[in-house]
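Close look at the chain arrangement
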Amino acid sequence: MSDSLLEIDRLSVDYETARGDLKALRDITFDVKKGEIVGIVGESGCGKSTLISSILRLTAPNTRFREGEVRFKGQDLLTLPERKMRDLRGADISIVFQDPMQTHNPVLSVGRQMVDIQHRSSASRADKRRRAAQMLGAVGIPDPEARLDQFPHEFSGGMRQRIAIAMALISEPSLLIADEPTTALDATLEVQVIERLRELQQEYNCAILFISHHLGVIAELCDRVVVMYAGAVVESGEVREIFHNPKHPYTRRLIDCDPGHIKERARVLPTIPGEVPDLANLPQGCIFQDRCDQAMPRCAGDVPPLTTLKVGHQAACWLNQMEDPV
Ligand code: SF4
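The structure reproduced in this document is the subject of the present report. (Residues numbered from 1 in each chain as written. Predicted model: local features only at pLDDT ≥ 70, side-chain atom pairs only at ≥ 80, totals over all residues. Heavy atoms only, no water.)

What follows is about the pattern of salt bridges. Taken as a whole and assessed by the stated rule, the structure comprises 28 salt bridges. Across the pair Glu-36 and Arg-224 runs a salt bridge whose closest N-O atoms are separated by 2.7 Å. With a gap of 188 residues between them, Glu-36 in the loop between strand S2 (20–33) and strand S3 (37–41) and Arg-224 in strand S9 (residues 224–229) connect regions that are remote in the sequence. For Glu-36, a relative accessible area of 10% corresponds to the buried category. Exposure remark for Arg-224: the relative accessible area of 16% places this residue in the buried category. For Glu-145, the salt bridge goes to Arg-129, with nearest N and O atoms at 3.5 Å. Remark: Arg-129 occurs in helix H5 (residues 125–138) and Glu-145 occurs in helix H6 (residues 144–147); sequence separation between them is 16 residues. What makes Glu-145 partly exposed here is its relative accessible area of 42%. Several salt bridges share partner residues, and in doing so they unite Glu-7, Asp-9, Arg-10, Glu-67, Glu-69 and Arg-71 into one network. (Salt bridge = Lys/Arg side-chain N within 4 Å of Asp/Glu carboxyl O. Helix = DSSP H or I, 4+ residues; strand = E, 2+ residues; numbered from the N terminus. Buried < 20%, exposed > 50% of the residue type's maximum accessible area, 1.4 Å probe, protein only.)

Our next topic: the packing of aromatic side chains. Inspection of the entire model under this criterion finds three aromatic pairs. Seen from their ring centres, Tyr-229 and Phe-288 are 5.1 Å apart, and the 85° between their planes marks the pair as edge-to-face. Highlighted residues: Tyr-229 in strand S9 and Phe-288 in the loop between helix H11 (249–257) and strand S11 (307–310), separated in sequence by 59 residues. Each member of the pair, Tyr-229 together with Phe-288, is buried. Note on Tyr-250 and Phe-288: the rings are 5.3 Å apart at their centroids and 65° apart in plane angle, and the pair reads as edge-to-face. With Tyr-250 in helix H11 and Phe-288 in the loop between H11 and S11, this pair connects stretches of sequence that are 38 residues apart. Exposure remark for Tyr-250: the relative accessible area of 0% places this residue in the buried category. Classification of Phe-288 as buried rests on a relative accessible area of 2%. Through a chain of ring-to-ring contacts, three or more aromatic side chains come together here, namely Tyr-229, Tyr-250 and Phe-288. A cation over an aromatic ring shows up here: Arg-298 above the ring of Trp-318, its NZ or CZ 3.7 Å from the ring centre. (Phe/Tyr/Trp six-rings, centres within 6.5 Å; stacked < 30°, edge-to-face > 60°. Lys NZ or Arg CZ within 6 Å of the ring centre and 35° of its normal.)

Counting buried positions along S9 yields six of six residues, so the element is predominantly enclosed. Bridge count for S3 against S9 is four bridges, and the pairing is parallel. Paired with Val-41 across the bridge in S9 is Val-227. The sheet contact formed by S9 and strand S10 (residues 232–238) spans six bridges and is antiparallel. Of the residues in S10, the one forming a bridge with Arg-224 is Glu-238. (Pairing = 2+ DSSP bridges.)

All quantities given are derived from atomic positions and should not be read as evidence of function.
Pasting the structure below:
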């Protein structure tokens, strides 16, 4: 039996717009195993948000699932009745959003929100409150019992994000989707949240799909990483392998641009020149060709397939299929 918890299989998603179909995701394939932490990394516009909303099936009305499946514990979420999807969301699949300032209801105490979120449980209100305090303690909020009666504005940004994690884990989900959960935090709080997430993942043995544009965080937390560019997977593999032996020019440029990898002092942080292509009017051939400093004539002809280079490491670049690989 497969040990995959979540399987994204050849997923292609379009948005119908006045300019024509915008091909937001194309042929996305990867999986998340039970208890594993998988990172998704890429620039804005790479398809991270569409991927999350597709998994949760919380997409805009103009979304069209063109092809593929999103299997969770073997069942295709794209064909599941809405009632069953509602049972899954916030229960077996939970999510932590980017901005802790907007996650919580400002007019309800944290305790009230944490009790309400257990609405599926038949436990008494007192037990739900005890459970809420226990979860606040688990994410490192001091004096949790007393702080249940406080409102979100009485907590710091880092504490609010830890409360959001506590709320996401209160139902002991099999899969936690973390959508850039540290982007709105400063570096110190980011480290604290990452450490806490890792501890909780081990304690609750839930899998985490961690979305970020910050490679340093991905390296710190994840087991595997999927690199996305303009709605497609361009490279995937074990974190250590991808960081030490990247095989796609886009991955290499991302690593070069990561502040943690910059050795010399510079006034301006490096960027990748050029822009993500128009998804309503994709170029023929490799989608990265306009920004790639190693592009060759073949790149403008055919789309490079995602090829397995060694066990667990895949990349979509013609350079890897030449006699003298990169
Ligand atoms: Fe660059 Fe060509 Fe590889 Fe695309 S296929 S990343 S253009 S070398």
